[in-house]
Amino acid sequence: MDNCIFCKIVKGEIPCKKVYEDEQVMAFYDVAPAAPVHVLVIPKEHILESARAVTAEHAALIGHIYQVIAKLADELGLEGGYRVVTNAGPDAGQTVLHLHFHLLGGKLGPMA
Ligand code: AMP
Ligand code: ZN
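What you see is a predicted model, and the numbers here were worked out from it, not measured in a lab.

Engineer: Explain the sheet that holds strand β1 (residues 18-21) to me, please; I cannot follow it from the model alone.
Structural biologist: What holds strands together in a sheet is hydrogen bonding between their backbones, with the strands either parallel or antiparallel. Strand order in this open sheet of five strands is β1-β2-β3-β5-β4, and the pairing throughout is antiparallel. Unpaired on one side and paired on the other, β1 and β4 (82-85) mark the two borders of the sheet. Pairs of neighbouring strands in the sheet enclose a mean axial angle of 20°, with direction left out of account. In the sheet, strand β2 (residues 25-29) pairs with strand β3 (residues 37-43) via five bridges, with the strands oriented antiparallel. The residue of β3 that forms the bridge with Met 26 is Ile 42.

Put into structure tokens, the structure is as follows:
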């Protein structure tokens, strides 16, 4: 989608610190980390603005994303645990309207 930062990252038009890519999914470090480890995991296609629009037809993709997150957490040394956050809508402070999951690791504070 035009004017979507994450679509531009997928296309290579904006640089990123990539940690993973396959046919469906890409993961890269958040430019403004909110935790010692902060990676964004996104579907490469701009299929949804947020988790709010998820339906049964996205089940396989969402399952795959969570598998990728678990694999990345292992690879990034998050044996002590991690948090997955997906902001949906303005009250959650969502700023990029391309479905994405924050993988947060390291010593984390309480949830807001
Ligand atoms: P959200 O607030 O859930 O929409 O999260 C969007 C996230 O994207 C924020 O944590 C931003 O720091 C991050 N972000 C924005 N632009 C970039 C970029 N060019 N590269 C990496 N992360 C970005
Ligand atoms: Zn997009």
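We are not done yet, so read on.
Engineer: Mind showing me how you'd approach the coordination of the zinc ion (ligand 2) here?
Structural biologist: Ideal values differ by geometry: the angle at a metal is 109.5 degrees with four tetrahedral donors, but 90 or 180 degrees with six octahedral donors. Taken together, Cys 4 (SG), Cys 7 (SG), His 46 (ND1) and His 98 (ND1) make up the full set of protein donors to the zinc ion (ligand 2), lying 2.0 to 2.3 Å away. One can describe the site at the zinc ion (ligand 2) as tetrahedral: its four donor atoms subtend angles covering 104 to 117° at the metal. Written as a sequence motif, the donor arrangement for the zinc ion (ligand 2) is C-x2-C-x38-H-x51-H. Here Cys 7 is found in helix α1 (residues 5-11), whereas its partner His 98 is found in the loop between β4 and β5 (101-105), with 91 residues between them in sequence. Residue classification places His 98 among the buried residues on the basis of a relative accessible area of 0%.

Engineer: Would you mind showing me how to read the pairing of β3 here?
Structural biologist: For β3, a buried count of seven out of seven residues is recorded, marking the element as mostly surrounded by other parts of the structure. Alternating positions in β3 separate into two faces, Val 37, Val 39, Val 41 and Pro 43 on one and His 38, Leu 40 and Ile 42 on the other, with burial throughout. Here β3 pairs with β5 via five bridges, running antiparallel. Within β5, the position partnered with Leu 40 by the bridge is His 102.

Scoring rules and cut-offs
- Residues numbered from 1 in each chain as written.
- Chains lettered and ligands numbered in written order.
- Predicted model: local features only at pLDDT ≥ 70, side-chain atom pairs only at ≥ 80, totals over all residues.
- Heavy atoms only, no water.
- Pairing = 2+ DSSP bridges.
- Helix = DSSP H or I, 4+ residues; strand = E, 2+ residues; numbered from the N terminus.
- Axes fitted to C-alpha atoms, helices over the stretch in contact; angles between N-to-C directions.
- Donors = N, O, S within 2.8 Å, 3.2 Å for Na, K, Ca; no water.
- Tetrahedral: all angles 85-135°; square planar, octahedral: opposite > 155°, others 65-115°.
- Buried < 20%, exposed > 50% of the residue type's maximum accessible area, 1.4 Å probe, protein only.

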